[in-house]
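Spelled out, the chains give:
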Amino acid sequence: MDVSTNPHARTEDDAFHEECGVFGVWGAQDAAALTALGLHALQHRGQEAAGIVSFSGEGQFHAHKGRGLVGDTFSDAKVMASLKGHAAIGHNRYATTGESALRNVQPLYADFEFGGLAVAHNGNLTNAFALKRALVRRGCLFQSTTDSEVFVHLIAISLYSTVLDRLIDALKQVQGAYSLVTLHDGALIGARDPLGVRPLVLGRLGGPESNAWVMTSETCALDIVGAEFVRDIEPGEVVIADAQGLRSIKPFGRQQGRFCIFEYIYFARPDSVIEGTSVYDTRKRIGAELSRESGVPADVIVPVPDSGVPAAMGYAAEAGIPFELGIIRNHYVGRTFIEPTDQIRHLGVKLKHSANRVMIQGRRVVLVDDSIVRGTTSKKIVEMVRQAGASEVHMRIAAPPTTHPCFYGIDTPDRDKLLAANNSVEEMARFIGADSLAFISLDGLYRALGKPGRDPRAPSFCDACFTGDYAIPLTDVQEDPARVPSLLMANGA
Ligand code: AMP
């Protein structure tokens, strides 16, 4: 999130752009190379910038950051050789265009009273603007406009003596979602916010006796470096890897987590396992549930690739209708959703998908996609499938209607651009041009995740994008709603 304190300094940065991946390693040779691999596996969490800070002992930190894909930024042998050390952290992010982009690329690094410290953060703080204003008044000089920088200043001004105590002091002042890794002279530390909204896992390199640890957003990043999955870092947990081994503390006490349900639907990589549940299996179960809830006579089930594929497989198996790749995706185009303007995004959909005519012509087609946000993708895809000769086109969505923006780390447009916030399902069906449209129900989604349904008094997940039930206070938005136009006011959230 952009947290510029100058009200006139709004730029493209003002939108929420915090879809990120983090990776940290302690006690392993070639820590930076491992980190680059880990970030590569997490590329789906942010494709526009990446950075690594490594530590080689005796106060020596080394950093490299760049815009673009991880493979481009970290392919130069000289760059990799300069990132020396047995410990490193890295970050990849959805960055913005414009001059401010590079200074916002993480990890953020600063020299403190106790030495150097680097921070990489996935998530979004909801009181960053308020904190920043107070910090600036105290004389803190911000170097970036990312919300994550408040961690740096809160750690710097903390009156505690150890780095760990200072970090916990900072964590207790922030609100919002964070899964972060920090690196300083003595340790790699991973921390997850008290509700555990964003994922963070712990892995081990080199066998059960070794003291080489990885803390990262998803298990797919453990797999790529050959690390063994140890466990999820728990909501509200702080895990420290240092020369003595591994320690864990829980500064916030115990509470029921609210993991982001949208990670299961769309954001996480299908081969990742989160809180003991396979993302891929979950998506298939969502598809099966969707078929039970709103099946329709059809000849073929076609996924909108790639994110709709597992749900479509589950749907087809449950419905007993053939599954076919009726749409082919061009893999050399980035995700359409993150293109900077509506016009380009519109073009991007065409660049990205094309109809596999022989699988579609003369058939009743059920298209399965993971979600509808603005509706741009669905509209184009339905049009394309009709042009390819489908006799009927039914759209089935593996998520409930997205009616509310996310403030906890998923990039979402303003509420007025969310198709489901302003239209009934029938209106949406008309807008996208489908013969019928159905979304999985919220209870169906919870069932697919192994719950009996959504318990409104104690939901197991953060599902604010579907319910408007924001579990973490939205301090900045409530203080200054104009900063985030047309979002919450209509719902009194
Ligand atoms: P839209 O065209 O705006 O309805 O976008 C919907 C498509 O974007 C879906 O098919 C998803 O695969 C993808 N999508 C949904 N949420 C996000 C997000 N936060 N970031 C990037 N892509 C997304």
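Let us look at the structure shown here. The structure displayed is predicted, hence computed values, not measured ones.

## Some remarks on the sheet that holds strand β17 (residues 300–303)
The sheet built from four strands is open, its strands ordered β17-β20-β21-β22 with parallel pairing. In the strand order of this sheet, the two ends are held by β17 and β22 (436–439), each with one partner. Taken pair by pair, the neighbouring strands of this sheet meet at an average axis angle of 20°, ignoring direction. Sheet analysis places strand β20 (residues 364–369) next to strand β21 (residues 392–397), joined by six bridges and oriented parallel. Bridging across to β21, Arg364 finds its partner in Glu392. Sheet strands in contact with helix α10 (residues 309–319) are β17, β20 and β21, and its direction is about 165° off that of β17.

## Topic: the nonpolar core
If you look at the biggest cluster of nonpolar residues, it comprises 71 residues, and the most contacted ones within it are Ile265, Leu367, Val385, Tyr408 and Leu437. The biggest single contributor to this core is helix α8 (residues 261–267), with six residues. Two domains share this core, each providing at least three of its residues, namely domain 1 (17–258) and domain 2 (278–456). Discounting residues that sit within four places of it in the chain, Val385 has contacts with Ile327, Ile360, Val365, Leu367, Ala390 and Val393. Of all hydrophobic cores here, the second largest spans 29 residues; its members include Leu131, Phe151, Ala191 and Val238.

## So, the pairing of strand β12 (residues 238–242)
Most of β12 is tucked away, with five of its five residues classed as buried. The alternating pattern of β12 places Val238, Ile240 and Asp242 on one face and Val239 and Ala241 on the opposite face, and all of these are buried. Two strands pair when backbone bridges link them, and strand β8 (residues 187–192) and β12 are joined in this way by five bridges, in the antiparallel orientation. Counted as the bridge partner of Gly190 is Val239 from β12. When β12 meets strand β13 (residues 245–249), the two strands line up antiparallel, connected through five bridges. Looking across to β13, one finds that Ala241 is bridged to Leu246. As consecutive antiparallel partners, β12 and β13 are separated by two residues.

## Re the sheet that holds strand β3 (residues 61–67)
The seven strands lie next to each other as β3-β2-β4-β1-β10-β9-β11, forming an open sheet whose pairing is antiparallel. Edge positions in the sheet fall to β3 and β11 (228–232), since each of these pairs with one other strand and no more. Across the sheet, the mean angle separating the axes of adjacent strands is 15° when strand polarity is ignored. Looking at chain direction, strand β9 (residues 201–205) and strand β10 (residues 212–216) are connected through five bridges and run antiparallel. Looking at β10, one finds that Leu205 is bridged to Ala212. Sitting on the sheet, helix α1 (residues 31–41) is in contact with β1 (20–26), β2 (49–55), β4 (87–93) and β9, with an inclination near 25° to β4.

## What to know about the environment of Thr402
Following the sequence through the fold, Thr402 ends up in the loop between β21 and α13 (419–422). When near neighbours in sequence (up to four residues on either side) are disregarded, Thr402 contacts Ile372, Leu418, Ala420, Ala421, Cys465 and Phe466.

## Considering the packing of helix α4 (residues 128–137) against helix α5 (residues 149–157)
Geometrically, a packed helix pair is captured by the angle between its two axes and the distance between the axes. Put simply, α4 and α5 touch, their axes get as near as 10 Å, and they point 45° apart. Accordingly, the angle class assigned to the pair α4 and α5 is oblique. α5 is crossed by α4, and the crossing has left-handed handedness. From α4, Ala128, Leu131, Lys132 and Leu135 reach across to α5, where they touch Val150, His153, Leu154 and Ile157. The residue inventory of the contact of α4 with α5, partitioned by class, reads six nonpolar, one polar and one charged.

## Some remarks on the packing of aromatic side chains
Evaluated as defined, the whole model comprises 12 aromatic pairs. A ring pair is formed by Phe262 and Tyr266, whose centres lie 5.7 Å apart and whose planes are at 35°; its orientation type is tilted. On the criterion of helical spacing, the pair formed by Phe262 and Tyr266 is a turn pair, its members being four residues apart in helix α8. Feature note: the residues Phe259, Tyr264, Tyr446 and Phe461 constitute an aromatic cluster, connected by ring pairs.

Cut-offs used in this document
- Residues numbered from 1 in each chain as written.
- Predicted model: local features only at pLDDT ≥ 70, side-chain atom pairs only at ≥ 80, totals over all residues.
- Heavy atoms only, no water.
- Pairing = 2+ DSSP bridges.
- Helix = DSSP H or I, 4+ residues; strand = E, 2+ residues; numbered from the N terminus.
- Axes fitted to C-alpha atoms, helices over the stretch in contact; angles between N-to-C directions.
- Contact = heavy atoms within 4.5 Å.
- Core = buried A, V, L, I, M, F, W, Y, C linked by side-chain atoms within 4.5 Å.
- Buried < 20%, exposed > 50% of the residue type's maximum accessible area, 1.4 Å probe, protein only.
- Domains from an automatic or database assignment.
- Parallel < 35°, antiparallel > 145°, perpendicular 65-115°, else oblique.
- Left-handed = near helix turned anticlockwise from the far one by under 90°.
- Nonpolar A, V, L, I, M, F, W, Y, C, P; charged D, E, K, R; others polar.
- Phe/Tyr/Trp six-rings, centres within 6.5 Å; stacked < 30°, edge-to-face > 60°.

Spatial relationships are all this shows, so hold off on functional conclusions.
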